[in-house]
Amino acid sequence: MNDKFSRSKEILEFCLRPLISHSHTQEYKDSYARLEHVIKTYQSEIVKNKNPIIIDFSQMRTLVINEDAHGDDN
């Protein structure tokens, strides 16, 4: 898998892009660390089992966050 989405950092940045304005918060950093652990664990299991799985992120729906509904702490 040479695709850029085979690397955990690129996967995380793609998935968390809608929350980038909150990347300085501890909650974002904690979520990033947890997701990174899950992805790396999942990837290591795939390698151990020699059963690669390809995920097509291009078909993922866009998530729109209404910051006014949740409060904007900036």
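Quantities reported herein were computed from a predicted structural model and do not represent experimental measurements. The residue numbers shown here count from 1 along each chain, following its written sequence. Restriction of local features to residues with pLDDT of at least 70 applies here, the model being predicted, together with a cutoff of 80 or more for giving and counting side-chain atom pairs; totals for whole chains, interfaces and linings are based on all residues. As a convention, hydrogens and water are excluded, and side-chain values are obtained from all of the structure's heavy atoms.

1. Re the packing of helix 1 (residues 8-16) against helix 2 (residues 26-49)
In a packed pair of helices, the relevant descriptors are the angle between the two axes and the axis-to-axis distance. The interhelical angle for the contact between helix 1 and helix 2, taken along N-to-C directions, is 135 degrees, at an axis separation of 10 Å. Taken together, the axes of helix 1 and helix 2 are oblique relative to one another. The crossing of helix 1 and helix 2 is right-handed. Between helix 1 and helix 2, the residues in contact are Ser 8, Lys 9, Ile 11, Leu 12 and Leu 16 and Tyr 28, Tyr 32, Leu 35, Glu 36, Ile 39, Lys 40 and Gln 43, respectively. By residue class, the composition of the contact of helix 1 with helix 2 is seven nonpolar, two polar and three charged. Every axis corresponds to a line fitted to the C-alpha atoms, with the helix fit spanning only the stretch in contact, and the corresponding angles, defined between N-to-C directions, vary from 0 to 180 degrees. Per the convention used, a helix needs a DSSP run of H or I reaching at least four residues, while a strand needs a run of E reaching at least two, with both numbered from the N terminus. Roughly parallel covers angles under 35 degrees, roughly antiparallel covers those over 145, roughly perpendicular covers 65 to 115, and oblique covers all other angles. A crossing counts as left-handed when the near helix is turned anticlockwise from the far one by less than a right angle, and as right-handed when that turn is clockwise. Note on contacts: a residue pair is in contact if any heavy atoms of the two residues lie within 4.5 Å. Polarity classes work like this: nonpolar for Ala, Val, Leu, Ile, Met, Phe, Trp, Tyr, Cys and Pro, charged for Asp, Glu, Lys and Arg, and polar for all others, with Gly in that last group.

2. Thoughts on the packing of aromatic side chains
Ring pairs are drawn from Phe, Tyr and Trp, using the six-membered ring of Trp, whenever the two centres fall within 6.5 Å, and their geometry is named by plane angle: stacked under 30 degrees, edge-to-face over 60, tilted for the rest. Within the structure shown, the criterion is met by one aromatic pair. Relative to Tyr 32, the ring of Tyr 28 has its centre 6.4 Å away and its plane inclined at 35 degrees; by these criteria the two rings are tilted. Remark: Tyr 32 and Tyr 28 occur in helix 2; sequence separation between them is four residues, near one turn of the helix. The burial state of Tyr 28 is the same as that of Tyr 32; both residues are buried. Note on exposure labels: buried denotes an accessible area under 20% of the residue type's maximum, exposed denotes more than 50%, and partly exposed covers the range between, all computed with a 1.4 Å probe on protein chains only.

3. Quick notes on the environment of Tyr 28
Overall, Tyr 28 belongs to the buried group, its relative accessible area being 11%. Sequence separation of Tyr 28 and Leu 16 is twelve residues, and the distance between their C-alpha atoms is 8.8 Å. Not counting chain neighbours up to four residues away, the residues in contact with Tyr 28 comprise Leu 16, Leu 19, Ile 20, His 22 and Ser 23.

4. Remarks on the pattern of salt bridges
Put simply, a salt bridge is a Lys or Arg side-chain nitrogen that is within 4 Å of an Asp or Glu carboxyl oxygen. Following the criterion strictly, the structure yields two salt bridges and no others. One salt bridge connects Lys 9 with Glu 13, and the closest N-O pair in it is separated by 4.0 Å. Of the two residues, Lys 9 and Glu 13 both sit in helix 1, four residues apart, roughly one turn of that helix. Its relative accessible area of 39% is what places Glu 13 among the partly exposed residues. The salt bridge partner of Glu 36 is Lys 40, with a shortest N-O separation of 3.4 Å. You can see Glu 36 and its partner Lys 40 sitting in helix 2, four residues apart, about one turn around the helix. Looking at Glu 36, the relative accessible area reads 25%, which means it is partly exposed.

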